[in-house]
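So the chains spell out like this:
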Amino acid sequence: MQDFGLDIWGDDNYIIKDGKLSLNYAKNISLLKIIQTIRERGYKGPLLLRFPHLIKKQISTLFDAFHTSINEFGYTGSFHAVFPLKVNQFPNFVHSLMEVAAPYGYGLEAGSKAELIIAMSETPLGAPITVNGFKDKEMIALCFIAAKMGHNITVTIEGLGELETIIDVNTEFNKESALCIAPKIGVRIRMHSVGIGIWAKSGGYSSKFGLTSTELLKAFDLMLQNDLIGQLSMIHFHIGSQMGEIAPLKKALREAGNIYADLKKRGAYALSAINIGGGLAVEYAQHHQAQERNYSIKEFANDVVFLMQDVAKNKGVEEPDIFTESGRYIAASHSVMIAPVLELFSQEYQQESLRSKEINPPLIQELFDLLGTINRNNAREYLHDALDHRESLLTLFDLGYIDLEDRSNTEILVDLIIKKAIMLLKDEDTDELKRLQNRIQEKYLVNFSSFVSLPDFWGLGQNFPIMPIDRLDTKPTRPASLWDITCDSDGEIAFNPKLPLHLHEIDITKEEYFLAFFLTGAYQEVLGMQHNLFTHPTEVVVSFDEEGEMQLDDLIEAQNLMDVLDDIDYDTGKINKSIKFKIEDSPLIDEREKRSLLGKLYLYLSENCYLKTIQATEEY
Ligand SMILES: *Cc1c(COP(=O)(O)O)cnc(C)c1O
């Protein structure tokens, strides 16, 4: 696997050019060149790059797919989309999104008061806002305020209590106004169909959200009685994220379509839209056997449009407008986290580290001979001999017959023999070789925190595509495990022989090696946790002007140490004083040294939490 599954997850966003991973956009700049440009300005540690052109690509692909289906089927409803803010609320993302999405009349979805405020300030008037999730009176009042500003806002009710609050707030807000202005009302339905996969809980009878059919009928009556039926405009459902298969969606569409038609026939005259929620999956797999999505965006759009048309035709109602709230699909690909490798842990297993003695113990001498004469024909036999000798030699050490130097030589020699044998036998795909790969895996220490940058890897076992951004013209040979720099053994992406990751054999004291983590733009950023007090990495928006020249904007540096402590409510003034006094009062150092130590300390406090260097000579 030389391209690290790029043809599976890459979606033509990247190409390999001169051995470097490069953007398949503008002038095909390499990721290495981008991060070198940023690092030259003094920003080290992990870097999060955001590419607005990839947000635009997802949006236009989604709209093109639906517009094509609508045209092909002669569908009379229209297509709209809103972005669910819970997937990524970071300003650099939201601003880029709203900029590239403006031509599509794209809106935002909010699930909390803070998200609603973002939606009210960032969505242009006219573009839709939808509001889901549990709401209190204040949140509903905010929706009325948005409606009075002129926003096209729909409040989706998750239960009857919310509808009762809407009725109250409506009376309060419209009592004195000449014009009765209220948000549109949507109803989220509790599906009997359920989603699949690790995020399937959002659908089904036991879901946290939505109205049962009994509640739906009650809600309908309440709206009629309170003169709000003219506001009921949308049916909403969401069957869960990262739908791997299309079948559950088709069932849900039929269910929702029939509810829409039924309510319309009952007299919901303003009902005009079905909101199919999110769930459109992203392909994260780097290996064909692990593929996560079994449908294309075209199939998805065709199914939605066809089924809505079918139900509407059968029931004799107007074809509804279609809304989606895809989040993952829109945001995942736009960001890439790139981090330097700091150290390789079994680098000591090298020929140079051998300490050959004048007279080696006979078994060790034999290992030297095996290493010297191993070839394609004898590789398997020599490999077995070496493994056998290792067992014997380790026993001899335990019994006190050989010393630490002999033991070190044993470990190095056997490791070198295994590596050589694997090279020689690489065309044979046997279980034994796979097992051995596991044994010679290399641990790469990477300057990032998986808890900050890949929380779904820790929490849900979600894999993200990982690859080096350079040296792609040479075959990577080391089976690799990745260690992050947190002090938590869960911060490891272990080597998986079924889905192997191989990286290059490198000497990190002489050369830089960067790993990129892809498809991190959805959910990871705000779910990321400050375990060990590591923070969101330094981020940059990377865009391209009309000439294709790169522009780096909106750089936000990772928080400095004092700000991190301030965030968790330490009194940083007190911390400052305490450490300053301890230096000033220390009987161990003189005045000059105190001043110099204080200078150093303040410099360190102004920097971020990621590691600067491991090797003394290099700066990371
Ligand atoms: C989370 C959520 C979404 C987004 O789902 P994706 O799988 O990211 O597309 C859409 N709608 C609602 C109601 C949600 O809760």
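One structure accompanies this document, and this report is about it. (Residues numbered from 1 in each chain as written. Predicted model: local features only at pLDDT ≥ 70, side-chain atom pairs only at ≥ 80, totals over all residues. Heavy atoms only, no water.)

Residues Y14, L31 and F237 are the most contacted members of the largest nonpolar core, which totals 146 residues. Not counting chain neighbours up to four residues away, the residues in contact with Y14 comprise L6, W9, L21, S22, L23, N24, L31, F51, L54, S333, V336 and F518. Counting residues in each nonpolar core, the second largest holds 26 residues, with L370, Y382, L413 and L433 among its members. (Core = buried A, V, L, I, M, F, W, Y, C linked by side-chain atoms within 4.5 Å. Buried < 20%, exposed > 50% of the residue type's maximum accessible area, 1.4 Å probe, protein only. Contact = heavy atoms within 4.5 Å.)

With that settled, the discussion passes to unusual backbone geometry. Most peptide bonds take the trans configuration, and most residues that are not glycine carry a negative phi. Of note, N28 is a non-glycine position whose phi angle comes to about 55°, a positive value. Mapped onto the fold, N28 is located in the loop between strand 2 (20-23) and helix 2 (31-40). Judged by its relative accessible area of 25%, N28 falls in the partly exposed class. Phi at D227 is positive, roughly 65°, even though this residue is not glycine. Along the chain, the position of D227 falls in the loop between helix 8 (213-225) and strand 9 (232-236). Look at D227 and you get exposed, because its relative accessible area is 72%. (Helix = DSSP H or I, 4+ residues; strand = E, 2+ residues; numbered from the N terminus.)

Note that an α-helix has 3.6 residues per turn; residues three or four places apart therefore point the same way. Here helix 7 (residues 160-174) contains 15 residues, and its C-alpha end-to-end distance of 21 Å stays within 8% of the 21 Å for a straight helix at 1.5 Å per residue. Every buried residue of helix 7 is listed here: L160, E162, L163, T165, I166, I167, V169, N170 and N174. Lining the buried residues of helix 7 we find helix 6 (137-149), strand 7 (152-157), strand 8 (184-188) and helix 8. (Expected span 1.5 Å × (residues − 1).)

Take the site of the ligand next. Taken together, 16 residues lie around the ligand, and K86, S241, E325, G327 and Y523 are the ones closest in. Residue G279 places a main-chain N or O atom 2.9 Å away from an oxygen atom belonging to the ligand. Backbone polar atom of G327 to an oxygen atom of the ligand: 2.8 Å apart, as the coordinates give it. Contact with the protein chains removes 93% of the 390 Å² of surface that the ligand exposes when unbound. (Near = heavy atom within 4 Å. Polar contact = N/O pair within 3.5 Å; in protein donor to acceptor, adjacent residues only side chain to side chain. Areas by Shrake-Rupley, 256 points an atom, 1.4 Å probe, with all protein chains shown as cover.)

Nonpolar side chains collect at one region of the surface, where L125, I145 and M149 lie side by side and expose about 280 Å² of accessible area between them. Of note, L125 is situated in the loop between helix 5 (113-122) and strand 6 (128-131). (Patch = residues over 30% accessible without salt bridge, like charges linked within 9 Å, V, L, I, M, F, W, Y side chains within 5 Å. Salt bridge = Lys/Arg side-chain N within 4 Å of Asp/Glu carboxyl O.)

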